[in-house]
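As a plain string of letters, each chain reads:
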Amino acid sequence: MRHRLAAALLLAAVIAISCARDESPPGAVEPQVAQQEVQQVAPASVDDGEQPAGSEQEPASADTQSAQTANQPEEPEPAAGEPAPSPALPMPPEGAVDAPALSIEAATGYVRYLTEVLGPRATGTEQERAAASYLAETFASLDYEVEIQDFAYRGRFSVSRIDLENGSSIMAYRFPSSGDRSVEGGLVSVPGFGEQADFASQDVAGQVAVVNRGVIEFHAKAANAEAAGAVALIVVNRFDDESLGGTFGANTSEIPVLHATREAGEELRARLGQTARIPEAASTTGQSQNVIARKSEGTCRIVVGGHYDTVPEVSGANDNASGAALTLALAEAWTDHPAAVDICFVAFGAEEQGLHGSARFVRSLLQTGELEHVTAMLNLDAIGDGRAPYRIVASIELRPLSNAVAAALQIPAASGSLPMTFGSDHASFDAAGVPVVFVFPPGATLHTPLDNFNNFNHEVFGDIAALNHGILGCLLLRAGSPVIPATSCGE
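Here's a quick rundown of the structure. All of these numbers come straight from a predicted model, not from anything done at the bench.

Parameters at a glance
- Residues numbered from 1 in each chain as written.
- Predicted model: local features only at pLDDT ≥ 70, side-chain atom pairs only at ≥ 80, totals over all residues.
- Heavy atoms only, no water.
- Helix = DSSP H or I, 4+ residues; strand = E, 2+ residues; numbered from the N terminus.
- Buried < 20%, exposed > 50% of the residue type's maximum accessible area, 1.4 Å probe, protein only.
- Contact = heavy atoms within 4.5 Å.
- Areas by Shrake-Rupley, 256 points an atom, 1.4 Å probe, with all protein chains shown as cover.
- Salt bridge = Lys/Arg side-chain N within 4 Å of Asp/Glu carboxyl O.
- Disulfide = S-S within 2.5 Å.
- Phe/Tyr/Trp six-rings, centres within 6.5 Å; stacked < 30°, edge-to-face > 60°.
- Pairing = 2+ DSSP bridges.
- Axes fitted to C-alpha atoms, helices over the stretch in contact; angles between N-to-C directions.
- Arc of directions from axis to C-beta.

Remarks on the overall build of the protein chain
- A tally of regular secondary structure across the protein chain gives eleven helices and 17 strands.
- Counting every position in the protein chain, which comprises 491 residues, the buried fraction comes to 60%.
- Excluding contacts between residues fewer than 6 apart, the proportion of contacts in the protein chain whose partners are at least 24 apart in sequence is 81%.
- Just so you have it, the protein chain exposes about 17400 Å², and 49% of that area is on carbon and sulfur atoms.

Following this line, the structure appears as structure tokens:
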């Protein structure tokens, strides 16, 4: 029981999202991404500057772990240059109908049910399947045809045990691209943050090195540990509310590199000199499902969706009950509108293990030839926490439209970009050439038990829900649907 939470936070690091850096002030974290199988939507800007521990503000993390806390502002990254104005949107066709109103109250009710009734919805679990059933039943009650799209997935992360001499074990996240063999050695604490000079001050040859998270990138810590002769490296958090996980980007390590909670780090350091054994890594596989809702005889011209799975033992009000709930609320708002035939609403499974659900859905559209009809994808992920100004991460042709809606609604948001190794389900569509929009609030709390309904940011959710609703109306007009948007769409 003592390490149950540690195991959960471990798994939490998954990654549909990924990170290459290790710099985290206490507190918030930003959404995640899948690696290597998807492309990024907008050019990313990564702050590679390093600051020493103890400085007033550490640079923003490009690993998934942390966006700054509210008293450590992180400004949106401007997109590189403003695109040329997009072609003028068509006039609403004859017989077009005003866009419907969106109920924020209904959307919030869906968030509450997903978090407080269904609770954690970890990828591949019975709880995830129960959530899929709830989503399917709700879509059906709103007069949509519903399809459950099953698929198998192989996860991008694994959880490793650290077996100690007294027979107890600590669970830790194992970094992708680090060694997967079984090793053992004495526990040695390395001072500082794992820089070359830190390893030079401590003999770790043939031992398991324990080092603090912070200041330098994960892969740099691993390279320094490997060069010093350590058989494994364990990076431990400095704060209780830091999440776990990350990646090495394009780098690799021959030795196992693990990431553990602050509490686990304290126990490891209480047993310095004792032998620790790290068993061989095991891959994570399982079954998940997408929930697809559309009108009969409809065409997927606009895809609206967000994932509904969570990391283990986290109810995920922000990540991502918020996006799944807004998907339901938009489906509810548009169900009686004639433009509803042009929308496919999708709740994606297995996002937290690598964007598997969205990738599976895109493949199905390719197989049926429907992908050629899709004109845009609106991604809803982790929109229930964070702060303004919000970033609109969009394909170049959709930036003017999205910015115009934000300006018309007086919502503080503008074109921006995500960290280089960051992503979400929109990336699966972007990789297939579909224009995308993803409104992203920086500074959000993710992948810790703090991501619950009590900490849900209703103001942020209301802003971003209204913005996405307005953008959807304009995307439908752009696709030729019979709608009169409720706000200006720009040109």
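Still to come is the rest of the account.
Things to note about the pattern of salt bridges
- If you walk through the whole model with that rule in mind, you get nine salt bridges.
- Note that Glu242 is salt-bridged to Arg213, the shortest N-O span being 3.9 Å. Residue Glu242 is located in the loop between β7 (232-236) and β8 (257-260), and its partner Arg213 is located in the loop between β6 (208-212) and α5 (218-227); the two are separated by 29 residues in the primary sequence.
- Close ionic contact of Arg301 with Asp342 constitutes a salt bridge, the shortest N to O distance being 3.2 Å. Of this pair, Arg301 sits in the loop between β10 (285-294) and β11 (302-307) while Asp342 sits in the loop between α7 (317-334) and β12 (343-348), and the two are 41 residues apart along the sequence.
- Judged by relative accessible area, which is 28%, Arg301 ranks as partly exposed.
- Take Asp342: its relative accessible area is 9%, and that puts it in the buried class.
- The network of salt bridges with shared partners includes Asp240, Arg262 and Glu266.

Digging into the state of the cysteines
- Counted according to the given criterion, the structure contains two disulfides.
- Residue pairing for Cys300: its cysteine sulfur links by disulfide to Cys344, the two sulfurs lying 1.7 Å apart. Across the S-S bond of Cys300 and Cys344 the torsion is about -70°, and the bridge reads as left-handed. Here Cys300 is found in the loop between β10 and β11, whereas its partner Cys344 is found in strand β12, with 44 residues between them in sequence.
- A sulfur-sulfur distance of 1.9 Å marks the disulfide that ties Cys474 to Cys489. On the sign convention where negative is left-handed, the bridge of Cys474 and Cys489, at about -85° about the S-S bond, is left-handed. Here Cys474 is found in helix α11 (residues 458-478), whereas its partner Cys489 is found in the segment after β17 (483-484), with 15 residues between them in sequence. For the pair shown, Cys474 and Cys489 are each scored as buried.
- Going through the protein chain in sequence order and numbering each bonded cysteine, the pairs you get are 1-2, 3-4.

Some points on the packing of aromatic side chains
- In the structure shown here, the tally under the stated rule is twelve aromatic pairs.
- With a centroid separation of 4.3 Å and an interplanar angle of 20°, the aromatic rings of Tyr113 and Tyr134 are classed as stacked. In this pair, Tyr113 is assigned in helix α2 (residues 104-118) and Tyr134 in helix α3 (residues 126-141), connecting sequence segments 21 residues apart.
- Since its relative accessible area comes to 13%, Tyr134 is described here as buried.

Regarding unusual backbone geometry
- Cis geometry is found at the peptide bond from Asp319 to Asn320, where omega equals 0°.
- Here Asn320 is to be found in helix α7.
- Cis geometry is adopted by the peptide bond preceding Pro389, which originates at Ala388 and carries an omega value of -5°.
- Tracing the backbone shows Pro389 in the loop between β13 (376-379) and β14 (390-394).
- In this model, Asp143 sits at a positive phi of 75°, which is unusual for a non-glycine residue.
- By the secondary structure assignment, Asp143 is in the loop between α3 and β2 (145-154).
- Unlike most non-glycine residues, Ala350 shows phi in positive territory, near 55°.
- Within the secondary structure, Ala350 sits in the loop between β12 and α8 (356-368).

Here's the deal with the sheet that holds β12
- A sheet is described by the order of its strands in space; here eight strands give the open sequence β2-β10-β12-β11-β13-β16-β14-β15, paired in mixed fashion. Two strands in the sheet have a free side with no partner beyond their single neighbour: β2 and β15 (413-415). Going from strand to strand, the sheet's axes swing by 20° on average, the running direction of each strand aside.
- In terms of strand pairing, β2 meets β10 through ten bridges, oriented antiparallel. When the sheet's bridge partners are listed, Ile148 is paired in β10 with Val291.
- The sheet strands contacting α3 are β2, β10 and β12, and the helix crosses β10 at an angle near 10°.

Notes on α5
- Regarding α5, the residues found buried are Phe218, Lys221, Ala222, Asn224 and Ala225. Axial view of α5: buried residues confined to an arc of 165°, hence all on one face.
- In this structure, the buried residues of α5 make contact with α4 (196-200), β6, β7 and β8.
- Looking one or two residues past α5, Gly229 carries a phi angle of roughly 95°, positive in sign.

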